[in-house]
Amino acid sequence: MDADDVAATRKLLDERARDALGELIQTRHHLHSHPELSNREVNTSALVAERLRRAGLDEVHTGIAGHGVVGVLRGGRAGDRVAGLRADMDALPVAEASGVEFASTVVDSDYPGGPFPVAHACGHDCHTSTVLGAADVLASVRDDLPGTVMFVFQPAEEGPPIDEAGGAKAMIDAGAFADLRPTMMFGMHVAPLPKGVVGYGIGNQYAASCLVKIEVVGKQVHGSMPWYGIDPMPAVADIISGAGQLYRQVPATDAVTVSIGHVEDVGRFNIIGERVTLWGTIRCLDETSMGTVQDNLRRMAEHHAAAYGASATVDYLQYVPPLANTEEWIDAILPTVKRVIGPDRLVEMPGMLGYDDMSEFTRAFGGAYLNFGTQDTQFAGTSLAPVEGGRGMAMNHSPAFYADDDCLVDSLRIHVQVAFDHLAGEVPA
Ligand SMILES: [Zn+2]
Ligand SMILES: [Zn+2]
């Protein structure tokens, strides 16, 4: 394409993206009111597939690794590149308290370990509706696209039920990219950054993660006579306290957290139960720390249990590699983002201890993952603070998490322009 054609298509994409905002918000509100937990994205994926077909895509593949959906749009001009845009579709077991009129009241009664209230407390409704909007916008200029765009909707980003596979790796393993391989994968995650600000980082942007399951087993006995049994509770208390010390056993320059978020026991006020199961997560910004932290947590749990005559079994599940943005890909993609939203709204961010299994896609195909601000916040030094008179600041996964609708037009503009610039050769592979 010559420079005039590229400029004309960019202008058209921008106009179409602005026109698409109304429907994007409608879709977002619908998804937000009808959230589904990881690996149960039945209606969400059906809506996605129906909308991709309506957009006139060349191929719509469904049922990938559970409820994954991939749409393929072949452009009218010759080109070898394949730009992948990725959205995650699942919600969280959180009781929503965001105060929006389209807030979720959904309860999933059948989910393992439930019933759970369900809410889009991580903003995946924004991601899904934005990438659907991108499919509409890019399909509307398909004759001008010099290559192919893949729209990748993944299930179970937040982690499937413990006995199930799911997520980005499962989509790759299921052959979602066997016939058509992206030459770039791009996505953004909504975050409590100031509205419309894009956060980027070079190196590990999100941490390596694993799920921790520790089962401490004693011997059940009457609550009034613990000496006739083995009480697992004091071992559990020491393990939870000890988990908070493990960061001191790796170099202080390596960011590590070990958190136990859920304790499941089988006792009652007058029964010392036989077993207690702890569920938690290890996060390491430097992937090489993970093995050390896992070994040390296992050692600590086994020995604390042994000290009380109990036993502990430690399992590490659902490993997700860190999300690394390479300098080459950031250099390639950032000029497009800068052109779309202006240089003042780009902020370099340090790596965070969240995870996102988008890392499986960028590892396999290249590309980058950025953060997108949707809240009434401002920078206070290196951290964030609420803007006075605004809606406040609420972290992802909190009941009050929110994302401002109006911001999403810029997220959509960025998605379509990054995809197009990649196909047009402006974002190198
Ligand atoms: Zn998320
Ligand atoms: Zn999340």
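Residues numbered from 1 in each chain as written. Chains lettered and ligands numbered in written order. Predicted model: local features only at pLDDT ≥ 70, side-chain atom pairs only at ≥ 80, totals over all residues.

An unreviewed UniProt entry annotates the protein as Amidohydrolase of Gordonia hankookensis.

**Student:** Just checking my understanding: could you explain the overall build of the protein for this structure?
**Tutor:** A tally of regular secondary structure across the protein gives 9 helices and 20 strands. The globule rule puts the C-alpha radius of gyration for 429 residues at 22 Å, and the 23 Å found for the protein is close to it. For the protein, the C-alpha atoms occupy an extent of roughly 85 × 50 × 45 Å along the three principal directions. Counting only residues that meet the buried cut, the protein has 49% of its 429 residues in that class. The long-range fraction of contacts in the protein, counting pairs at least 24 apart against all pairs at least 6 apart in sequence, stands at 79%. (Helix = DSSP H or I, 4+ residues; strand = E, 2+ residues; numbered from the N terminus. Rg over C-alpha atoms; globule rule 2.2 N^0.38 Å. Buried ≥ 20, exposed ≤ 12 C-beta atoms within 10 Å, placed from the backbone. Contact = placed C-beta atoms within 7 Å.)

**Student:** For this particular structure, what's the right way to read the UniProt feature "domain: Peptidase M20 dimerisation" (unreviewed entry) in the protein?
**Tutor:** UniProt tags residues 212-308 as "domain: Peptidase M20 dimerisation" (unreviewed entry). With 31% helix and 31% strand, residues 212-308 has end C-alpha atoms that lie 21 Å from one another. (UniProt positions renumbered as here; feature names shortened; annotations may be inferred.)

**Student:** Help me out: how do you make sense of the packing of helix α1 (residues 3-33) against helix α9 (residues 408-423) in this one?
**Tutor:** If you want to describe how two helices pack, look at the angle between their axes and the distance between the axes. Interaxial distance between α1 and α9 falls to 8 Å at its minimum, and their mutual angle equals 135 degrees. The angle between α1 and α9 places the two elements in the oblique class. The two elements α1 and α9 meet at a crossing, and its hand is right-handed. Here T9, R10, L13, D14, A17, R18, A20, L21, L24, I25 and R28 of α1 lie close against α9, whose contacting residues are L408, V409, L412, R413, V416, Q417 and F420. By residue class, the composition of the contact of α1 with α9 is 11 nonpolar, 2 polar and 5 charged. (Axes fitted to C-alpha atoms, helices over the stretch in contact; angles between N-to-C directions. Parallel < 35°, antiparallel > 145°, perpendicular 65-115°, else oblique. Left-handed = near helix turned anticlockwise from the far one by under 90°. Nonpolar A, V, L, I, M, F, W, Y, C, P; charged D, E, K, R; others polar.)

**Student:** Explain the domain arrangement of the protein here, please?
**Tutor:** Accessible area lost upon the coming together of the parts is a frequently used measure of interface size. For the protein, the assigned domains are domain 1 (3-204 + 323-423) and domain 2 (208-320). Of note, the centres of domain 1 and domain 2, computed from C-alpha atoms alone, are 35 Å apart. If you look at the interface, domain 1 gives 8 residues, while domain 2 gives 9 residues. Along the lines of polarity and charge, the residues of the side of domain 1 that touches domain 2 split into 3 nonpolar, 4 polar and 1 charged. (Domains from an automatic or database assignment.)

**Student:** How do you make sense of the sheet that holds strand β6 (residues 148-154) when you look at a structure like this?
**Tutor:** Strands belonging to one sheet form pairs held by backbone hydrogen bonds; the direction of such a pair is parallel or antiparallel. The sheet built from 8 strands is open, its strands ordered β1-β2-β6-β3-β7-β18-β8-β17 with mixed pairing. At either end of the open sheet lies a strand with only one pairing partner, and these are β1 (59-64) and β17 (346-348). Pairwise comparison of adjacent strand axes, ignoring direction, gives a mean angle of 25 degrees for this sheet. Direction of pairing for β1 relative to strand β2 (residues 68-74): antiparallel, over a ladder of 4 bridges. Paired with V60 across the two strands is G71, which belongs to β2. (Pairing = 2+ DSSP bridges.)

**Student:** What is the right way to look at helix α7 (residues 327-341) in this model?
**Tutor:** Each α-helix turn comprises 3.6 residues. Residues three or four places apart therefore point the same way. Look at α7: 21 Å from first C-alpha to last across 15 residues, which is about the 21 Å you get at 1.5 Å a residue. Largest kink in α7: about 30 degrees, centred on I333, with the proline P335 one to four residues after it. For α7, the full list of buried residues reads W329, A332, I333, L334, T336, V337 and V340. Buried residues along α7 sit against β7 (184-194), β8 (198-200), β16 (323-325), β17, β18 (367-375) and α9. Of the residues trailing α7, G342 is marked for its positive phi of about 90 degrees. (Expected span 1.5 Å × (residues − 1). Bend = angle between axes of the 7 residues up to and from the residue.)

**Student:** Got a minute to help me understand the sheet that holds strand β14 (residues 275-284) in this structure?
**Tutor:** An order of β12-β14-β10-β15 is seen for the 4 strands of this open sheet, with the pairing classed as antiparallel. With one partner strand each, in any of the chains shown, β12 (256-265) and β15 (311-320) form the two edges of the open sheet. Strand-to-strand twist in this sheet, taken as the mean axis angle between neighbours without regard to direction, amounts to 20 degrees. Two strands pair when backbone bridges link them, and strand β10 (residues 208-217) and β15 are joined in this way by 8 bridges, in the antiparallel orientation. Bridge assignment links S209 to a residue of β15, and that residue is V320.

**Student:** Looking at this structure, how should I read helix α5 (residues 233-243)?
**Tutor:** Buried within α5 we find A235, V236, I239 and A243. Along the axis of α5, the buried positions cluster into a sector of 100 degrees, meaning they face one direction only. (Arc of directions from axis to C-beta.)

**Student:** Even after reading the chapter, I still don't get the environment of L384, so can you show me in this structure?
**Tutor:** Among the secondary structure elements, L384 is positioned in strand β20 (residues 383-386). Separated by 191 residues in the primary sequence, L384 and L193 place their C-alpha atoms 7.2 Å from one another. Apart from residues lying up to four places away in sequence, L384 is in contact with P192, L193, T377, F379 and M393.

**Student:** Is there a simple way to think about the pairing of strand β19 (residues 377-380) in this case?
**Tutor:** Walk down a regular strand and you will see the side chains alternate between the two sheet faces. Both β19 and β20 contribute to a ladder of 4 bridges, which runs antiparallel. Each bridged residue has a counterpart across the sheet, and for Q378 the counterpart in β20 is A385. The hairpin formed by β19 and β20 contains 2 residues between the paired strands, and G381 there has a positive phi angle of roughly 65 degrees.

**Student:** Looking at this structure, I do not really get the nonpolar core. What am I missing?
**Tutor:** Across soluble globular proteins, nonpolar side chains have a tendency to be buried as a group. Core analysis: the largest hydrophobic core is formed by 117 residues, its most contacted members being A134, A135, L138, F151 and A419. With 9 residues, α9 is the single largest residue contributor to this core. Among the domains, domain 1 (3-204 + 323-423) and domain 2 (208-320) are the pair contributing at least three residues each to this core. (Core = buried A, V, L, I, M, F, W, Y, C linked by C-beta atoms within 7 Å.)

**Student:** Would you explain the pairing of β2 in this entry?
**Tutor:** Extensive coverage of β2 is indicated by the burial of 5 of its 7 residues. Taking the residues that link successive antiparallel strands as the turn, the β1-β2 hairpin has 3 residues, and the phi of A65 there is positive, at about 50 degrees.

**Student:** Help me understand the environment of A174, please; the structure alone is not making it clear to me.
**Tutor:** Positionally, A174 belongs in the loop between α4 (168-173) and β7. For A174, a count of 16 C-beta atoms within 10 Å translates into the label partly exposed. Residues A174 and Q245, 71 residues apart in the sequence, show an inter-C-alpha distance of 39 Å. The contacts of A174, once residues within four sequence positions are left out, are I64 and A65.

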